[in-house]
Amino acid sequence: MATRLVQINMKAQDDAALGRFWAEALGWGVDSEGPGVTNLEPVGFAYPDPSAVCVDLVARPEPKTVKNRVHLDLATTSAAHQAELVARLKDLGATPADVGQGDVPWMVMADPEGNEFCVLEPRPVYGDTGPVAAVVVDCADPRGMAEFWSRATDWTVHEVTDDQASLRSAAGVGPYLEFVRTPDTKSGWNRVHLDVAPYTGGDLEAEEARLRGLGATVPDFDRSAIHWKVLADPEGNEFCLLTPR
């Protein structure tokens, strides 16, 4: 039985403050499962509805030092909406960012702790995704990543080229998961990563074994204090395998 992508985990020096920024940016509600953790989800969201991929912000003291390999793309419905959203995000504390994008129709920004994200120009493909158009992962091999993640989860491949691949939930709703070829190499642990979970009734140990059989690896760190699994995809990007839900 496959897992499914359920949330994005983002490390933050101040999870509550950064959570307020992203809640305002997305129009989502804010909750907390405990000290140092801020949970964001759409108002009225019934977990695990595939119409949204939630966001967990987890307190960590280390500052961000390199470009994130995972980021969010935000959807807009018109040129006016894009301009209004960019202005509102600046008022909330976001700043323009230069990651070498050149002259492009989307706006690259950084949140108050420097995490990059994009405000896209209107694109019909994202017309029904909600505020998050896509979760984007930098990679060296989009084809290989699409193959791994489509087999690891129940998400369906929509497009695959040498430079980009996209997947979406089996239900055909919510944001896309996209892999984009970049020349950058991974450096250190990712401050933003994917969290997946088996369905209710699934077996955590069996699912870990299945994912390892697909090419996932186990990073070397002390896992004695956690009850979930930490794995890495074939390009070394850490992700969490949560308990079945």
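Above this note sits the structure.
Since this is a predicted model, take the numbers as computed values, not measurements.

Engineer: Before we move on, can you summarise the state of the cysteines with the specific residues and values?
Structural biologist: Scanning the model with the defined rule gives 0 disulfides in all. Left without a disulfide partner, C139 is nearest to the cysteine sulfur of C118, which lies 15 Å away. Accessibility expressed as a relative area gives 0% for C139, which makes it buried. Note on C240: no disulfide assigned, nearest cysteine sulfur contributed by C54 at a separation of 15 Å.

Engineer: Explain the nonpolar core to me, using residue names and the numbers behind them.
Structural biologist: Ranked by internal contacts, the top residues of the largest apolar core, which has 52 residues, are W22, L89, W149 and L177. No other element matches the 6 residues that helix α1 (residues 15-26) contributes to this core. In this structure L177 touches L5, V135, V137, W149, W155, A165, S166, L167 and L194, once residues within four positions along its chain are discounted.

Engineer: Let's hear about the sheet that holds strand β4 (residues 54-59): which residues, and what values?
Structural biologist: Sheet strands associate in pairs through backbone hydrogen bonding, adopting either a parallel or an antiparallel arrangement. Read from one edge to the other, the open sheet built from 7 strands follows the order β2-β3-β4-β1-β13-β15-β14, with strand pairing classed as mixed. Two strands lie at the open edges of the sheet, namely β2 (29-34) and β14 (229-232), each paired on one side alone. This sheet shows a mean twist of 30° between the axes of neighbouring strands, independent of strand direction. Sheet topology note: the β2/strand β3 (residues 37-41) ladder contains 4 bridges and is antiparallel. The partner of D31 across the bridge, within β3, is N39. Running over the sheet, α1 touches β1 (3-12), β2, β3 and β4 and is turned about 10° from β3. In the packing of helix α4 (residues 204-214) onto the sheet, contacts are made with β1, β13 (192-198), β14 and β15 (238-241), and the angle to β14 comes to roughly 10°.

Engineer: Explain the pattern of salt bridges to me, using residue names and the numbers behind them.
Structural biologist: Counting across every chain of the model gives 12 salt bridges. In this structure, the salt-bridge partner of R168 is D128, at a minimum N-O distance of 2.9 Å. Of this pair, R168 sits in strand β11 (residues 164-168) while D128 sits in the loop between β8 (116-119) and β9 (132-139), and the two are 40 residues apart along the sequence. When its relative accessible area of 5% is taken as the criterion, R168 is described as buried. For R210, the salt bridge is made with E207, and the minimal N-O distance between the two is 2.6 Å. Pair noted here: R210 and E207 are both in helix α4, with a separation of 3 residues, about one helical turn. The class for E207 is buried, based on a relative accessible area of 5%. Where salt bridges share partners, they join E205, E208 and K229 into one cluster.

Conventions adopted
- Residues numbered from 1 in each chain as written.
- Predicted model: local features only at pLDDT ≥ 70, side-chain atom pairs only at ≥ 80, totals over all residues.
- Heavy atoms only, no water.
- Disulfide = S-S within 2.5 Å.
- Buried < 20%, exposed > 50% of the residue type's maximum accessible area, 1.4 Å probe, protein only.
- Core = buried A, V, L, I, M, F, W, Y, C linked by side-chain atoms within 4.5 Å.
- Helix = DSSP H or I, 4+ residues; strand = E, 2+ residues; numbered from the N terminus.
- Contact = heavy atoms within 4.5 Å.
- Pairing = 2+ DSSP bridges.
- Axes fitted to C-alpha atoms, helices over the stretch in contact; angles between N-to-C directions.
- Salt bridge = Lys/Arg side-chain N within 4 Å of Asp/Glu carboxyl O.

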